[in-house]
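An overview of the molecular structure
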Amino acid sequence: MSDEERLRRWRLVLGGEGAEGTGTTLTGTDAGMDAALAALYRDGDGDGGSSRSAGLGGSAPKVARWLGDIREYFPSTVVQVMQADAIERLNLTRLLVEPEMLEAVEPDVHLVGTLLSLNKVMPDKARATARMVVAKVVAELERRVAQRTRAAITGAVNRAARITRPRHRDIDWNRTIRANLKHYQAEHRTVVPERLIGYGRSTKSVQRDVVLCVDQSGSMAASVVYSGVFGAVLASMKSLRTSLVVFDTAVVDLTDQLQDPVEVLFGTQLGGGTDINRAIAYCQGLITRPRDSIFILISDLYEGGVRQEMLRRVATMTAAGVQVIVLLALSDEGQPSYDHANAAALAAMGVPSFACTPDAFPDLMAAAIERRDLRAFVEKIGR
């Protein structure tokens, strides 16, 4: 890298107008990038204080131009970060209720979470535009996860339905050989199987009941978005009976809207308190086949309800044979903030509590359907 290029990059990093000692003047695209960054990140008072004027103020036209500029100068991943910083640092949330603002932003999961939190205060015209933004993000997420989820679950359902008198084409030879190694005939150098193990033939009947119970407190925004998308994908599979329940201090059953994930997301209400115990109590009433049921609680476990009752309900479900899983987050981010005491109490019951990325969720569902020990799965995704 040449000295000139190095100075140019330092000039862009440091910002300002030549006061950093680089002796470099920016022109053209570089000047535009510098102005867009300065509008968001530069000190506003010039005295080293922490206040930020950002040059945007509360003017919708200025913000609209700025959103257009950053989309021109930076890749979409950087644009998403800058949009999120603008909402947090410059209090631009209120501008997102204006349709022209929504048309200018780069849609992503976190923006959807912000829009859902504003759903109740949006004017009708802005809500229509917001639905278009949410629908675009949902469509992209479905393309990302749907095919892999269906493939993983279909394979798991078929493996879980193994039969002991399979047709030749349905024999699982690996498992059959392992199960019959004690019948190895040395003189013939072969295994003579006494018991055949096969894959179950595909069936149209419901093999598993899945209950997704999702915390819709403000910190769980991304998890709510992904849960809605996955819930819709799971509900489209005839081998599963899927329910989706969201909660804060109240409980809302969105199962009848699962055919439309956008409708599901607009049925949520991000923010507010948390009563996990109340939500689990409702979900217990949905479980009619405990040994064929998977209960997935997606929550940071900060309980505002009755903690001991919540833990007792989980213990009751596991004792009845329900496969209980707690996801501290279902998002692309790293380890979330969560209640360590409640997570430890659940782990002591044999209930795994961990953060899961959307890409790992299909394999998690497959493991749960086959009732595999999830500790190995948790260790794998933790590496």
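Refer to the structure presented above.
The notes below deal with the structure included here. From a predicted model like this one, the values you see are computed outputs, not experimental measurements.

Things to note about empty space enclosed by the protein
- According to the stated counting rule, one finds one cavity of 30 Å³ or more in the structure shown.
- Its boundaries defined by the atoms lining it, the largest cavity holds a volume of some 100 Å³.
- Contributing to the lining of the largest cavity are 12 residues, with Leu-67, Ile-87, Leu-92, Leu-96 and Val-105 lying nearest its centre.
- Within the lining of the largest cavity, the residues separate by chemical class into 11 nonpolar, one polar and no charged.

As for the sheet that holds strand β5 (residues 251-253)
- Strand order in the open sheet made by the six strands is β5-β4-β3-β6-β7-β8, with mixed pairing throughout. Each edge of the sheet is formed by a strand with only one pairing partner; in this case those strands are β5 and β8 (353-356). Across this sheet, the average inter-strand angle for adjacent strands is 25°, counted without regard to direction.
- Sheet analysis places strand β3 (residues 208-215) next to strand β4 (residues 240-247), joined by eight bridges and oriented parallel.

So, the pairing of β3
- With respect to burial, β3 is a largely interior element, eight of its eight residues being buried.
- In β3, alternate side chains face the same way, and those of Arg-208, Val-210, Leu-212 and Val-214 on one face and Asp-209, Val-211, Cys-213 and Asp-215 on the other are all buried.
- Each parallel crossover has a hand, and for β3 linked through helix α9 (residues 221-235) to β4 it is right-handed.

Here we look at helix α13 (residues 340-348)
- Where α13 is concerned, the buried positions are Asn-342, Ala-343 and Leu-346. The buried residues of α13 occupy an angular sector of 100° when the element is viewed end-on, so they sit on one face. Exposed residues lying more than 90 degrees from the buried face of α13 are His-340 and Ala-348.
- Next to the buried residues of α13 lie α12 (307-319), β7 (323-330) and β8.

Observations regarding helix α6 (residues 109-117)
- The buried fraction of α6 amounts to seven of the nine residues, a majority that puts the element mostly inside the structure.
- Those residues of α6 that fall on the buried side of the exposure criterion are Val-109, Leu-111, Val-112, Gly-113, Thr-114, Leu-115 and Leu-116.
- Buried positions along α6 lie against α4 (76-89), α5 (99-104), α7 (124-160), α9 and α10 (261-266).

Focus on unusual backbone geometry
- Unusually for a residue other than glycine, Leu-301 sits at a positive phi of about 70°.
- Unlike most non-glycine residues, Arg-371 shows phi in positive territory, near 55°.
- Note on placement: Arg-371 falls in the loop between α14 (361-369) and α15 (374-382).

Things to note about the pattern of salt bridges
- Inspection of every chain in the model, using the stated rule, returns 13 salt bridges.
- Between Arg-144 and Asp-359 there is a salt bridge; the shortest N-O distance is 3.3 Å. With Arg-144 in helix α7 and Asp-359 in the loop between β8 and α14, the pair connects residues that are 215 residues apart, well separated along the chain.
- Taking the shortest distance from any N to any O, the salt bridge between Arg-241 and Asp-209 comes out at 2.7 Å. You can see Arg-241 sitting in strand β4 and its partner Asp-209 sitting in strand β3, a full 32 residues away along the chain.
- Look at Arg-241 and you get partly exposed, because its relative accessible area is 43%.
- A residue is classified by how much of its surface remains accessible, and Asp-209, at 5% relative accessible area, is buried.
- Counted as one network, the salt bridges with shared partners bring together Arg-208, Asp-209, Arg-241, Arg-289 and Asp-292.

Description of the nonpolar core
- Within the largest apolar cluster, 80 residues are counted, with the highest numbers of intra-cluster contacts made by Trp-66, Leu-115, Ile-296, Ile-325, Leu-327, Phe-361 and Leu-364.
- With 11 residues, the single largest contributor to this core is α7.
- When sequence neighbours within four positions are dropped, the list of residues in contact with Leu-364 reads Ile-325, Leu-327, Phe-354, Cys-356, Leu-374 and Phe-377.
- The next biggest cluster of nonpolar side chains, apart from the first, holds 24 residues, and it includes Met-317, Val-324, Ala-343 and Leu-346.

Considerations on a positive patch on the surface
- Residues Arg-175, Arg-178, Lys-182 and Arg-195 make up a contiguous surface patch of positive charge.
- Secondary-structure assignment places Arg-178 in helix α8 (residues 173-179).

With respect to the packing of aromatic side chains
- Here the structure, examined in full by the defined rule, presents two aromatic pairs.
- With a centroid separation of 4.5 Å and an interplanar angle of 45°, the aromatic rings of Phe-230 and Phe-361 are classed as tilted. Taken together, the residues Phe-230 in helix α9 and Phe-361 in helix α14 connect sequence positions 131 residues apart.
- One cation-aromatic arrangement involves Arg-131 over Phe-266; the distance from NZ or CZ to the ring centre is 4.7 Å.

The rules behind the values
- Residues numbered from 1 in each chain as written.
- Predicted model: local features only at pLDDT ≥ 70, side-chain atom pairs only at ≥ 80, totals over all residues.
- Heavy atoms only, no water.
- 1 Å grid on protein atoms, 1.4 Å probe; cavity = no way out; pocket = protein on both sides within 12 Å on 5 of 7 lines; lining within 4 Å.
- Points joined across faces, edges and corners; volume = space filled by probe spheres on them.
- Nonpolar A, V, L, I, M, F, W, Y, C, P; charged D, E, K, R; others polar.
- Pairing = 2+ DSSP bridges.
- Helix = DSSP H or I, 4+ residues; strand = E, 2+ residues; numbered from the N terminus.
- Axes fitted to C-alpha atoms, helices over the stretch in contact; angles between N-to-C directions.
- Buried < 20%, exposed > 50% of the residue type's maximum accessible area, 1.4 Å probe, protein only.
- Right-handed = clockwise from strand over helix to strand, strands pointing away.
- Arc of directions from axis to C-beta.
- Contact = heavy atoms within 4.5 Å.
- Salt bridge = Lys/Arg side-chain N within 4 Å of Asp/Glu carboxyl O.
- Core = buried A, V, L, I, M, F, W, Y, C linked by side-chain atoms within 4.5 Å.
- Patch = residues over 30% accessible without salt bridge, like charges linked within 9 Å, V, L, I, M, F, W, Y side chains within 5 Å.
- Areas by Shrake-Rupley, 256 points an atom, 1.4 Å probe, with all protein chains shown as cover.
- Lys, Arg positive; Asp, Glu negative; His and termini not counted.
- Charge placed at Lys NZ, Arg CZ, Asp CG, Glu CD.
- Phe/Tyr/Trp six-rings, centres within 6.5 Å; stacked < 30°, edge-to-face > 60°.
- Lys NZ or Arg CZ within 6 Å of the ring centre and 35° of its normal.

Nothing here speaks to function; it is geometry throughout.
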